[in-house]
Every structure is written in C-alpha cells, then in structure tokens.
Amino acid sequence: MSRIGKLPIDIPKEARVKIDGRVIRVLGPKGELEYTLNDGVDVKIENDKMIVNRRSDSKTNRSLHGLTRALIANMITGVTSGFEKELEIHGVGYRAELQGRYLKLMLGFSHDILVEPAPGISFSIERGNKIKVSGYDKQLVGETAAVIRSLKPPEPYKGKGIRYVDEYVRRKAGKAAGA
C-alpha cells in the first residue's frame, strides 16, 4: 500500500469539494481547480476527509494512488492558502519592475523582457532584485518561475543571472593568470 496514498486528506472549512463522476472540483477563497481521476483510482468523502483508494494492485494503479492523493492535497492547499516561489536577480544593472500586471526584466540584453502572468498567477517585487511568483495552482507557479529563471540562468564564473532564493550556484575558477 502506498504510504502517501493511504493518508486521508483533511478538507478545511473554507474549501468545498465536489465530485461529479470522475471529475473533482475544489473551490476556495483563492480560486477553483479541477482534476479528472484515472480509471484505477476512486475517491470518497467521509467526515470532512477525502480518502483515495485504488481499484487493483496493478503497477499502474499503485503508481497513480500516491500521485492522485498528492495532486488533490495540493489543490486543496492551493485554493485555501496558495503557493509561492521566490527568485533573485544577481548582476550589475540587472533589475525587475512591474508594469501593470506584467513583469519587466532588464537582464543585460539590448531589449527589456516582458513576462505576462498566466491566469491565477501574480508577481511582486522586493528591492528590485527579488521576484515573488504566487498563485493557487502549484504546477503553474513552478512552471512560471522556471520560465523566468530560464531567461537568464545563473552562470558559474561570476554567478550572474536569475536563481531561486534557496538555490546554490557552484562557482568555477576563471582562467589561470599568466605563468
């Protein structure tokens, strides 16, 4: 039995869960998410808890058991409290600012880069070099942060570029001085 899959999911008071056949809809103060269940997994609600069960012990159903439970738990967490990723910009002259809901990045290119947020995603900036990506869909928050990081990934010699706040950039030694 999956250690993750057999754990019940607590449903907080501010979240509402609806099950329509194979579709699960989660509504909360931050937004609404939906997920379509695979055929090998069943979900039932008992006493403000969701329980995920698999129909058989086939390899596919075993692998989907924990995954489905984790995705549903992330949906409930997202619509109640939300998710966020923090990025920081390192480099002389590298900056970020907000233009309406767009994120404007100045990363040493000949042009500025405008990043449009997906629906449900918002940006905030602290001190011009810390970017906070927040939203209620965990996958979309992570994907948006990864797209922003990919615009100028950190380089190993001086460490310039965009990185996650908790990311460690392994530095390399430069050219050796003349003999």
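Residues numbered from 1 in each chain as written. Predicted model: local features only at pLDDT ≥ 70, side-chain atom pairs only at ≥ 80, totals over all residues. Heavy atoms only, no water.

Turning to the pattern of salt bridges, a few remarks are in order. Scanning the entire structure with this criterion turns up 14 salt bridges. Lys-104 is the salt-bridge partner of Glu-97, the closest N and O atoms lying 3.9 Å from each other. On the basis of relative accessibility, which here comes to 17%, the residue Lys-104 falls in the buried class. The closest approach of N and O atoms between Arg-101 and Glu-116, which form a salt bridge, is 4.0 Å. (Salt bridge = Lys/Arg side-chain N within 4 Å of Asp/Glu carboxyl O. Buried < 20%, exposed > 50% of the residue type's maximum accessible area, 1.4 Å probe, protein only.)

In this structure the tally under the stated criterion is zero aromatic pairs. Positioned above the aromatic ring of Tyr-164, the side-chain terminus of Lys-85 is 5.6 Å from the ring centre. It is Arg-101 that lies over the ring of Tyr-102; its NZ or CZ is 5.7 Å from the centre. (Phe/Tyr/Trp six-rings, centres within 6.5 Å; stacked < 30°, edge-to-face > 60°. Lys NZ or Arg CZ within 6 Å of the ring centre and 35° of its normal.)

Judged by nonpolar contacts, the single largest core of 19 residues is most densely connected at Ile-24, Met-50, Ile-72 and Ile-76. With six residues, the top contributor of residues to this core is helix α1 (residues 59-80). Excluding residues within four positions of it along the chain, Ile-24 makes contact with Val-17, Lys-18, Ile-19, Leu-33, Glu-34, Tyr-35, Leu-37, Val-43, Met-50, Ile-72 and Met-75. (Core = buried A, V, L, I, M, F, W, Y, C linked by side-chain atoms within 4.5 Å. Helix = DSSP H or I, 4+ residues; strand = E, 2+ residues; numbered from the N terminus. Contact = heavy atoms within 4.5 Å.)

Let us now look at the sheet that holds strand β8 (residues 95-99). Taken together, the three strands give an open sheet; going across it, the order is β8-β9-β10, and neighbouring strands pair in antiparallel fashion. The sheet is open, and its two edges are formed by β8 and β10 (113-115), each paired on a single side. Between one strand axis and the next, the sheet turns by 25° as a mean value, whatever way the strands run. (Pairing = 2+ DSSP bridges. Axes fitted to C-alpha atoms, helices over the stretch in contact; angles between N-to-C directions.)

Between its first and last C-alpha, helix α2 (residues 138-151) extends 21 Å over 14 residues, near the 20 Å set by a 1.5 Å rise per residue. Of all the residues in α2, the buried ones are Val-141, Thr-144, Ala-145 and Ile-148. For α2, the angular spread of the buried residues around the axis is 95°, confining them to a single face. In this fold, the buried residues of α2 make contact with β7 (83-90), β9 (102-106), β10, β11 (121-126), β12 (130-135) and β13 (161-164). (Expected span 1.5 Å × (residues − 1). Arc of directions from axis to C-beta.)

Judged by which residues are buried, strand β6 (residues 49-54) turns out to be one-sided: Met-50, Val-52 and Arg-54 face inward and are buried, whereas Lys-49, Ile-51 and Asn-53, on the alternate face, are not. Relative to β6, strand β1 (residues 9-10) runs antiparallel, the two sharing two bridges. Paired with Ile-9 across the strands is Met-50, a residue of β6. Counting the residues between successive antiparallel strands, the hairpin from strand β5 (residues 41-46) to β6 contains two residues, one of them, Asn-47, with a positive phi of roughly 50°.

Right, let's get into unusual backbone geometry. The residue Asn-47 is not glycine, and still its phi comes out positive at about 50°. Along the chain, the position of Asn-47 falls in the loop between β5 and β6. Note on Asn-47: relative accessible area 75%, which makes it exposed. Although it is not a glycine, Asp-48 sits at a positive phi angle of roughly 60°.

Another point: the environment of Arg-170. Its location among the elements puts Arg-170 in the segment after β13. Along the backbone, Arg-170 and Leu-87 are 83 residues apart, and their C-alpha atoms lie at a distance of 17 Å.

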